[in-house]
4 protein chains.
Amino acid sequence: MASEFGDKVKFSIFGQSHGEAIGVVIDGLPAGEAIDLNELDKFLDRRRTGKNALSTQRREADKPIFLSGVTQRDNNLITCASPLCAVIKNSDQHSQDYAELLDKPRPGHADYTAYVKWQGNADMRGGGHFSGRLTAPICIAGGIAKQILARKNIFVGAHLAECAGVRDKNFNSVNLNNDLFNAVADKSFPVIDDEAGVKMQAEILKAREDGDSVGGIIECAVINLEAGLGEPMFDGIESRLARVLFGIPAVKGVEFGAGFNAARLKGSENNDAFKISNNKVMTLSNNSGGILGGITNGMPVIFRAAIKPTPSISKPQHTISLSKLEDTELIIKGRHDPCIAHRAVPVIEAAAACVILDLII
Amino acid sequence: MASEFGDKVKFSIFGQSHGEAIGVVIDGLPAGEAIDLNELDKFLDRRRTGKNALSTQRREADKPIFLSGVTQRDNNLITCASPLCAVIKNSDQHSQDYAELLDKPRPGHADYTAYVKWQGNADMRGGGHFSGRLTAPICIAGGIAKQILARKNIFVGAHLAECAGVRDKNFNSVNLNNDLFNAVADKSFPVIDDEAGVKMQAEILKAREDGDSVGGIIECAVINLEAGLGEPMFDGIESRLARVLFGIPAVKGVEFGAGFNAARLKGSENNDAFKISNNKVMTLSNNSGGILGGITNGMPVIFRAAIKPTPSISKPQHTISLSKLEDTELIIKGRHDPCIAHRAVPVIEAAAACVILDLII
Amino acid sequence: MASEFGDKVKFSIFGQSHGEAIGVVIDGLPAGEAIDLNELDKFLDRRRTGKNALSTQRREADKPIFLSGVTQRDNNLITCASPLCAVIKNSDQHSQDYAELLDKPRPGHADYTAYVKWQGNADMRGGGHFSGRLTAPICIAGGIAKQILARKNIFVGAHLAECAGVRDKNFNSVNLNNDLFNAVADKSFPVIDDEAGVKMQAEILKAREDGDSVGGIIECAVINLEAGLGEPMFDGIESRLARVLFGIPAVKGVEFGAGFNAARLKGSENNDAFKISNNKVMTLSNNSGGILGGITNGMPVIFRAAIKPTPSISKPQHTISLSKLEDTELIIKGRHDPCIAHRAVPVIEAAAACVILDLII
Amino acid sequence: MASEFGDKVKFSIFGQSHGEAIGVVIDGLPAGEAIDLNELDKFLDRRRTGKNALSTQRREADKPIFLSGVTQRDNNLITCASPLCAVIKNSDQHSQDYAELLDKPRPGHADYTAYVKWQGNADMRGGGHFSGRLTAPICIAGGIAKQILARKNIFVGAHLAECAGVRDKNFNSVNLNNDLFNAVADKSFPVIDDEAGVKMQAEILKAREDGDSVGGIIECAVINLEAGLGEPMFDGIESRLARVLFGIPAVKGVEFGAGFNAARLKGSENNDAFKISNNKVMTLSNNSGGILGGITNGMPVIFRAAIKPTPSISKPQHTISLSKLEDTELIIKGRHDPCIAHRAVPVIEAAAACVILDLII
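Treat the numbers as computed from the prediction; the structure is a model and nothing was measured. (Residues numbered from 1 in each chain as written. Chains lettered and ligands numbered in written order. Predicted model: local features only at pLDDT ≥ 70, side-chain atom pairs only at ≥ 80, totals over all residues. Heavy atoms only, no water.)

A. Layout of the packing of helix α3 (residues 135-151) of chain D against helix α9 (residues 341-360) of chain D. All names here are of chain D. It is at 7 Å that the axes of α3 and α9 come closest, and there the two elements cross at 50°. Relative to α9, the element α3 is oriented oblique. Here α3 and α9 pass one another in a crossing that is left-handed. Together, Thr 135, Ile 138, Cys 139, Ala 141, Gly 142, Ala 145, Lys 146, Ile 148 and Leu 149 of α3 and Pro 346, Val 347, Glu 349, Ala 350, Ala 351, Ala 353, Cys 354, Ile 356, Leu 357 and Ile 360 of α9 make up the contact between the two elements. Among the residues making up the contact of α3 with α9, the classes are represented as 15 nonpolar, two polar and two charged. (Axes fitted to C-alpha atoms, helices over the stretch in contact; angles between N-to-C directions. Helix = DSSP H or I, 4+ residues; strand = E, 2+ residues; numbered from the N terminus. Parallel < 35°, antiparallel > 145°, perpendicular 65-115°, else oblique. Left-handed = near helix turned anticlockwise from the far one by under 90°. Contact = heavy atoms within 4.5 Å. Nonpolar A, V, L, I, M, F, W, Y, C, P; charged D, E, K, R; others polar.)

Structure follows, in structure tokens:
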């Protein structure tokens, strides 16, 4: 119900941070599709923690185990028409870090809302089902989706467009190719302009020293989608993508093309003029983000997602005691990321890839 | 499929601009609920054209006719457990204004994408099913939803937070009441600060003279929702609202609480501290927009939608000929709105009310 | 929610017996499809009352009015990509026939269950939304679906396989063609063997004289579906069809192929042996009803629906007073059908056609 | 998409017979519910093979491993608000038994239809995702559902009403209690009348000796459901149950209450008269199977499912060669059940329990 999406291809996410395992079930993948495990692992690696000083040192093996939906053929896994289930074992869990939090909801987290919804019965250790860890199975699904889409010449790419107020160079909205996507993906910090990346990382480390955190904005694009995909009104491309993107922890805003800036443009500035180029219909600009009336027009589909700053900070915070119903203070001990936006880049790509795969199958 | 949303209460929009009628089917409304037709008409009136010089002079009677789902009791209609269907007759249609457009897609409209998707078989006169006119049935549904919610002490309100770069005063995110909502709703131009409203209207008229158009940003809030509503991940409040909001023509961005600005804040700035007030759990700030982990926390749910400038402008534009596959020019004759954002305010409210009603039933 | 079905093509039924109108919204029909109104009317006529002494004399004009989703081209209506809405005005309603029934639920009807579910707020005059009248919009949708399917060489046909214990000749499960379907459709009583039809009608009239009613079993088939359509488990052909068939008033059983009789066969008798015929894969028998593992195998899809005897009879019946919570008697005055099974034949075809159209689009 | 069902509580089945594991994800279970593992194992045991001479000797440990959605509290597992995933490892697989079958589809199985649908890419060893083995995760889910329902005083029970033409005593449709359900569940052969059970088992063994198979009919009931649950039309109790039941391998017919027999009754015989008993509304008979207009009336919900005879038999069968497109013969070597109907009884209960849990949550 809640933790699933998709129409012809359905993705169902399960697990909680301190349970046995987390995973995903994908029902409806086309059969006979190869899954390159090396490539998948490379993609998952873009999300992993413990790679550098920017993230927490929690070790996550994160190697997916495929329980169903595939058979082995030479060095690849091949989808075999049964629903696919992939899991990641949980380990390295420090439950003792969270004892106090059962009574004192952390500001910015789902502790309080989960407490109300499930009357205290939710397992919220490590954030429970709300933990950022649950983005790992999204990445497994998205990594698989990306491989299938790539064979159809459709590519998804993203970068950290902004972080802690520092701006990266943007995608060229009318002229994008997969080489740029790969170039960003291969970096240890997912930006186009390395200089901006250096400044961003400085800000992130500064926030860490301050016991604070920063957020970011991710720009993501899908290229080579043919025109005519999507539906009017509530099943348009924006609706399909937004529904899933807002399901990713920490996303608080989504915009397509010129987005909120379009609201500040004139019609003459925002409208994308049509033109013929190489016998194909294209637009001179791409403020629509490749979508008109919920339907693709053949230009790159471009959107941005706003990632709020990580709620867990070391600074003391005001909260309440749920048992005593009175104000109190809270210092969240233990380890936490000063920024998750750079790690969220592959998650945003993954979510988009899943939605697009479901669209074109 | 496309033009419907909802779970326990399903809303299905039908119609095209130049067809016989447009309307909505609502399946799942609780029975025995009164629909005050005067109040509904007042709400629909906030969307209507022809009221002042700001909008086109197309006359729309827009009086809903109820075909099913209600019975008459005294002066009210009462829902009676059968799916409700309400329609609005189309009239006053100038098909001849659109003849040229069948071959030359208007920039910013769905002409081209609909042409590709349905191979020229879609009735796109007046925008067809993509026309802004289809927001009228959304308003009928939303108007009914607002009345049912009001009886449960839940209120939805909105205002034009920004238009043509001019900013209105914002909602107080921790302290909102229905009186403010009603005050804005009763005005002829939906702003909190009338001075800002005057400036906005000046910009709109200026755009009209220029043969151009402007856009805007709508801020909307839902108050008195109890905590604990919604689901984690893909059925959270943000996901449910965003899916529907992006289905409204011209919406290109949606953000909740601090939204894209949250990406520029520190965690210590963005986190909403908890406090006890009158034995209730509240937050000192409301950057989360009343939503944590997809679930309400009891504070006002606040979001913003970016409305792009009306695509139909009088200025000449570059486009193509679909039949000849070559570049050409286009001047869209006839009447069109220099701004729709002020008329979209009740539409945004209506969409939110439908989603919230479905949530709490 | 309740009164809709479909995936890529969604069908939404609205209306109550004594409301203004009843109708259907179809979202997702392919654009550019012609609707032959004469042929549609012929199909709807197979369901209509007042044609002969077998049915009640309620006059129902039942001419569908198309509010949206079509444009006119020469003598046909053409689907135009907008959701289609077709309505039938209600008229000729005798509310006074039903006054007593508000307190005394009729056995076999939904009076009591609707009373409990909606606490007396449901409009149950004439059966409300549960009335057999709501099969008229199903027939409009199915009539349109049949026409679209026919152009793809897929045909749906049905007959009254059994009525009041009298059996018709059955379909030849391995060898069916549209000529037989049309032959049955053209008759005033929908049987293959006219002699059986005469006996059935005699039984029906006898029941009428007795102030009683009889039921029947409808056999329906879909031919020329290619193999490989459908899904495993809960979205198989049987699941999709059964879900919709059981939504038709009075259906109390559904079986595919040999159905309940298969339970009495040996595996060697029930298994359909494969064979090659004209380079095509076929089966020697068709006890599977054309479906293996929820997926079509290319043979005719055949199923049967059991229609219970009309609940409204003239004989005195035991019931209760809802207000006094005590036993009482009831005599249902007015007119009612001694049998609806013969009129349900096109309804079963219609439902099947809608499900199949959604499957192959 | 295909292998999932449910609305507020969603059940998603994954796995194929010869994959790593099979399992189920349940999203939406109420939190804080205890799962008694002993009781669950007792329920799963009713389905297991290798218990007696009636079934194949394939050893299946079938002990569910809970990957998520639960925490440990004393001796129980407690649902904890995260989606629950339970898996069963596959083992004891004899792939070599199936080598020939890749080219020669077995009559009555999904080999051919899966071959067409997935162009030979489906893993159909052991039946792949179509294997009866996939009823084990349905039983895990249903076993959990039964426990939650039982705490709400709602019980589900079933028995083998008919097998190989031998009839068991039927449920008393107006007077059922959980003691009878438990009595049947505790037996090694699930019948009410042990004499009938002995005859059935004799027929099953006889079929085994003949290298053949037999089918059966399962009667299932749900008691203590309050009136007013369900929806009209396509989301009624019959529709919800039938959709899921037909997703269980081998089910070819479903009927409610008097079912197909109702078609042979008079209205005066089939109508269930209402009466007041102990201040409660009840019916004198229960031909409606506890459902009127898709909504429960408070009487036991009773239905029957027809199970076709096991397709895998030892006798030679006619089939085709997919590679050569010519007729050929096939003898299915290895082990197979002469009857699965007795093992399907808990599966039918499980499916019903899942649907009912989703209904009342």
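B. Expanded view of the interface of chain D and chain C. Chain D puts 95 residues into the contact, and the matching count from chain C is 95 residues. For the pair chain D and chain C, the two sides together bury roughly 7,800 Å², of which 66% comes from carbon and sulfur. If you look at where chain D meets chain C, you find eight salt bridges. Two residues, Arg243(C) and Asp235(D), come together in a salt bridge whose shortest N-O distance is 3.4 Å. In this assembly, chain D and chain C are joined by 39 residue pairs in polar contact (both at pLDDT 80 or more). Considered class by class, the residues forming the side of chain D that touches chain C number 45 nonpolar, 28 polar and 22 charged. (Buried area = accessible area lost by both parts, 1.4 Å probe. Salt bridge = Lys/Arg side-chain N within 4 Å of Asp/Glu carboxyl O. Polar contact = N/O pair within 3.5 Å; in protein donor to acceptor, adjacent residues only side chain to side chain.)

C. Local environment of unusual backbone geometry. Positioned with a positive phi, Asn278(B) is a non-glycine residue whose angle comes to about 55°. Mapped onto the secondary structure, Asn278(B) falls in the loop between β13 (274-277) and β14 (280-283). Since its relative accessible area comes to 75%, Asn278(B) is described here as exposed. Here Ala250(D), not a glycine, exhibits a phi torsion of approximately 85°, which is positive. (Buried < 20%, exposed > 50% of the residue type's maximum accessible area, 1.4 Å probe, protein only.)

D. Looking closely at the relation of the copies chain D and chain C. When chain D is brought onto chain C, the operation consists of a screw motion whose angular component is 180° and whose axial shift is 0.0 Å, with 0.0 Å RMSD remaining. Both chain copies can therefore be described as sitting about a two-fold axis. Most of the interface of chain D is mirrored in chain C: 100% of its interface residues are interface residues there too. (Least-squares fit on C-alpha atoms with pLDDT ≥ 70 in both.)

E. Summary view of the environment of Glu255(C). The residue Glu255(C) is located in strand β12 (residues 251-256) in this model. Residues Glu255(C) and Leu330(C), 75 residues apart in the sequence, show an inter-C-alpha distance of 35 Å. Sequence-distant contacts of Glu255(C), that is, excluding residues within four places in its chain, are made with Phe260(C), Ile302(C), Phe303(C), Arg304(C), Lys252(D), Gly253(D) and Phe260(D). Polar contacts involving the side chain of Glu255(C) include one to the main-chain amide nitrogen of Phe260(C), which spans 2.8 Å.

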